[in-house]
Structure formats: structure tokens, C-alpha cells
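Report on the structure
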Amino acid sequence: MVSLPDPPNATIAALFDELADLYELDGAVVHRVLAYRNAAKAVREAPVSVAALTREGTVTEMQGIGRTLEEKIRALLETGSIPAVEKLRAKFPPGLVDITRLPGVGPKRVRKLYDELGIASLEDLRTAAETGRLRDVRASGRSSRTRCSPAFAAGIAERPRPRVPLYKALPIAEGIVEALRAHPAADRVELAGSARRGTDSVKDVDIVATASDPGALAAALAELDVIESGSPAGENAARAQTHTGVAIDLRVVEPDQFGNVLQHLTGSKEHNLALREAAVRRGLHVSEYGIIEDASGETLRCPAEEAVYERLGLAWIPPELREDRGELAAAAAGTLPELIRVEDLRGDLHMHTTASDGRNTLGQMVAGARERGYEYVAITDHSATHGFGNHVTPDQLRAQIERVRALNAETEGIEVLIGTETNILPDGSPDYEDDLLAELDWVIASVHTSFSMGEPEMTDRIVAAIERPWIDAIGT
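Per chain, the residues get numbers from 1 upward, laid out in the order the sequence is written. pLDDT decides what is reported in this predicted model: residues at 70 or higher carry local features, side-chain atom pairs at 80 or more are listed and counted, and totals for whole chains, interfaces and linings draw on all residues regardless. Just so you know, side-chain values use all the structure's heavy atoms and leave hydrogens and water out.

**As for the sheet that holds strand S15 (residues 473–475)**
- Strand pairing is assigned whenever DSSP identifies at least 2 bridges connecting the two strands. The way it works is that DSSP assigns letters per residue, a run of H or I at least four long becomes a helix, a run of E at least two long becomes a strand, and they are numbered from the N terminus. Strand order across the open sheet formed by five strands is S11-S12-S13-S14-S15, with parallel pairing between neighbours. Across the chains shown, the open sheet's two edge strands, defined by having one partner strand only, are strand S11 (347–351) and S15. Each strand of the sheet is rotated relative to its neighbour by a mean of 25 degrees, with strand direction disregarded.
- Relative to strand S12 (residues 376–379), S11 is paired through three bridges, and the arrangement is parallel. Bridge assignment links Met351 to a residue of S12, and that residue is Ile379. Under this scheme, a helix contributes an axis fitted over its contacting stretch, all axes are lines through C-alpha atoms, and angles between N-to-C directions fall in the 0 to 180 degree range.

**Comments concerning empty space enclosed by the protein**
- Grid points spaced at 1 Å and placed over the protein atoms alone form the basis of the search, with a cavity being a set where a 1.4 Å probe fits but cannot get out and a pocket an open set showing protein on both sides within 12 Å along at least five of seven lines. Lining residues have an atom within 4 Å of a point. Grid points are joined across faces, edges and corners, and a volume is the space filled by probe spheres set on the points. According to the stated counting rule, one finds two cavities of 30 Å³ or more in the structure shown.
- There is about 50 Å³ of room inside the largest cavity.
- Considering the residues around the largest cavity, the lining is formed by Ala14, Leu15, Glu18, Ile172, Val226, Thr242, His243 and Thr244.
- Of all the elements, helix H1 (residues 9–25) adds the most residues to the lining of the largest cavity, at three residues.

**What to know about the pattern of salt bridges**
- Here, a salt bridge means any Lys or Arg side-chain nitrogen found within 4 Å of an Asp or Glu carboxyl oxygen. What the rule picks out here adds up to 26 salt bridges.
- Here Arg89 makes a salt bridge to Glu86, at a shortest N to O gap of 3.0 Å. Placement of both Arg89 and Glu86 in helix H5 (residues 83–91) is noted, with a separation of three residues, approximately one turn of the helix.
- Note on Glu86: relative accessible area 34%, which makes it partly exposed.
- Here Asp395 and Arg398 are joined by a salt bridge, their closest N and O atoms 3.0 Å apart. Taken together, the residues Asp395 and Arg398, both in helix H18 (residues 394–410) and three residues apart, mark about one turn of the helix.
- Using a 1.4 Å probe on the protein chains alone, a residue whose accessible area is under 20% of its type maximum counts as buried, one over 50% counts as exposed, and one in between counts as partly exposed. Given the relative accessible area of 34%, Arg398 is considered partly exposed.
- Connected through salt bridges with shared partners, the residues Asp26, Lys91, Arg111 and Asp115 form a single ionic network.

**Some thoughts on the pairing of strand S9 (residues 290–293)**
- Sheet topology note: the strand S8 (residues 284–287)/S9 ladder contains four bridges and is antiparallel. The residue of S9 that forms the bridge with Ser287 is Gly290.
- Here S9 pairs with strand S10 (residues 299–300) via two bridges, running antiparallel. For Ile292, the partnering residue across the bridge sits in S10 and is Thr299.

**Quick look at helix H4 (residues 67–79)**
- A helix's residues, less one, multiplied by 1.5 Å, set its expected span. Taking 1.5 Å of rise per residue, the 13 residues of H4 would be expected to cover 18 Å, and the 18 Å separating its terminal C-alpha atoms lies within 8% of that figure.
- Contact partners of the buried residues in H4: H1, helix H2 (30–45), helix H3 (50–56) and H5.
- Of the residues trailing H4, Gly80 is marked for its positive phi of about 85 degrees. The contact definition used throughout considers only heavy atoms, calling two residues in contact when any of these lie within 4.5 Å.

**Some remarks on the sheet that holds S10**
- Across the sheet, three strands lie side by side as S8-S9-S10; this open sheet has antiparallel pairing. Each end of this open sheet is capped by a strand with a single partner; those strands are S8 and S10.

**Comments concerning the pairing of S12**
- When the strands point away from the viewer, a crossover counts as right-handed if the path from the first strand over the helix to the second runs clockwise. Running through helix H17 (residues 362–371), the crossover from S11 to the neighbouring parallel element S12 is right-handed.
- With four bridges joining them, S12 and strand S13 (residues 415–423) adopt parallel strand pairing. Bridge assignment links Val377 to a residue of S13, and that residue is Val416.

Right under this line is the structure:
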């Protein structure tokens, strides 16, 4: 077995996220599930190595990491796995997590389907829906059928696996990249594919690397704890799947064609097609193997991605823009837009505090925003009927208005606005009266309840909310 260094934060966070999913399937109390989700977020955002903090005995100083979680991290460091994860993985088929991603089908319903009908995959669920077996599930019946049938009609089960939201896939991908970079055989390891482009969801994760021993690096992928299974590694490639169902493809290439392969695998398909068509007009043929010049037959292999675009007469195009939406013409003319960076943000108009479901107080949120250089913030705690966390009653909101106004008056260098994230009721009205909303600087309205409404009714609900006089934005 290849010896790898301490797991990166992203790997630990991914395991905590997986534990939250598994505990939810196991019927654990909501506080335990939330504890692991919050811990995953804290680990993912930690500026230092959580593994190192654990070895130093100081990891419990992190918010959200107590003794129980410390023990799990320590077990991971000492044995390469977390016993609770292994136990729950053995208890539930991996296909159950896929079912929970269906709209309106939560972990409790999935567990009932598994316990009573043995449904362990999307294909099992579709068969049960088509044959009427869902009627046999206690307290389910029509409710399950009405949730599942539209999803299958839309073709969900025809896909091998649902696309994974970027916020779930990216931490896993970055953790794997970081772990592979630390391997002694690795030279360069970079993320490619739709995850690199920052699309809202990904089908799989592509990674491109160079190495002094390609076979050793390819084999190392299967040794990572986040990996559930993998096909036998070749001399320069490996495929695997994480315990959360994310497919991983690793390509180890020659250093002098790293740029060609990185560009090709980053995509998008539409961008690459447009790029090849533009290249043909210049007497060139572009592929992952290099750029062939028609006149001489010579092949240009590019160690860096920038050289690929330069040979085609283009400025390097940021991955986020590679969707064939005019980026090639802009790159040729030198008019590519400058991407927005975190440093460009001037304020935040959606912030929760401990008054509802936030983790920090009003004063801490404002102080943190000022330290980031923000010019303004809006405090928008959840309203009274959002269905989770603390409830902010009308009287509590009036008290919050007074606190925010007072804090704004005494705080220099930042404007503190008072708002709310009000729940949109089924008829489209907010769950606060208009006279109370009129006292606020900023009102966000979101759907937090009654998710199972039909499409026409839900559309009417949203339109009615948009037309309300004091609602400034829809959160969705």
C-alpha cells in the first residue's frame, strides 16, 4: 500500500458530509446530522490543516469540533478510516444516496422504501413505481408515486447517476487533487472538466497529472479513503468512484503535452468544437494529443495550456468562460471580460445570525464583514414559519430592528441594514404583515415550506410574491 500523508481538510470534510447522509438514512436525531454537516463546513473552511491540529491536540478549539469528532479524525489519521463510516457503509447500499437526490424524496422515505420493499437503487425504485409496489409501503402510497413518477418521466433513471451539485463535488475533487499532489511520484496534478469550469453540477471529476512514476500515481487513487471502488489502474490512467457516488477519472500524461490534455478535458464540448473549427480555418488541427500544422505535418505539444491558445492566435481563456458564448471572438480581439473575484465584493445582503439559524451573533457578523472590507451588510434572519432553526416572531423582529439600528449608529466604516428572509406562504403572501416589512431596509422572500405544489400553482405562488409591495428579492 502506498503511504500517503495526512488527509487534507477537503477529504475529512467529505467524510463528515458522508456521515451526515448515512446518519440521516439511519434515522439519527436531526441534531447529530446537523452537527456533522456543520463540522464538514468548519473543516472545509479551516485555514490550517485539521489533521495537524488533531495531532497537536488543539482541534477541539475549532467551532463545531468536539471530543466525539476529534476521536473520529484521530481514527482516520491512525487507521486510514473512520469506524462509524465503515459500519454505516456496510449497512446501506450506495444507491440509497442517489434516491435521496430525487426531488421531494427525503432520507426517511428512502429508508422506508428500503426497509419495506428492499428498494436500494434508482432502477429498483422505478420498477416498483411502474409495477404498483409503492402502494404496499405504509403511510406512503400515492404520496410516493406522485413524487417518483414525474422524476422518472423526466428521464432521471436513464442516467447512470444524477449529476452532483458543484458545492458537493468540488470539495471532494479538491481533496483528491491535494492528496495526489502530495504523492512522491507526482509532479503536476490539476483539476479539469466541468468542475474546473465551475458549472453548477458535474457528472464526474476529471484530473490531469504528470508524474515520475505514472503507474504508481494512478494506483494511488484507489488507496484514498474517500474512494469506494476503482477499476484496475493502467500505466497512465485510473477510474474510481467515491463513497458518495462521484466518479473520478485520472489521466497521467507526458509533461510536454500536459497543456493539450488539460485544455481538452476541461471543455466544454461546445467550446472545444468551436476551437477546432477556428483552428481548421488557420490550417491547424487541434486534439488532446497536440496541434497539427497541415502545411508541414508537424505536431506542437504544449506543456502549458496558455501555449495552446497562443498558437491559435488567442489570449488564454479562463475555464469559467469556455462555453462557446462568444469567448473565442473576445479572446481574438483582446476583449475578454475580467472575472469577478472575492476581493471585488463590496457587501452582503443575505446574512443570518443566532437570532434564527446562524452560527454567529449580530455583532460578530458585522465585525467579520468589516474586517473583510465590506461597505454594507443586511441582516436577514429567517422568519417565523420557515420550518427549521429558531423562529423569529414579529415581536422578536421588531426588537432586532432596534438592535440593528443601534449597532449601525455606533459602528464606523460599514452600513448595517436590517432585513429578513420571509417565507412565501402557499398563496404567495409573506409570513409577516406589510406594516412590519415596511420598517425594513431589505426583504428577501423564499419558499421554505409546501414544496410539493404543482408547477402552475408554484408559479402562481412565486409571481404573487414578486408582486407584493415590500419584497425586494426572491431567494431561490
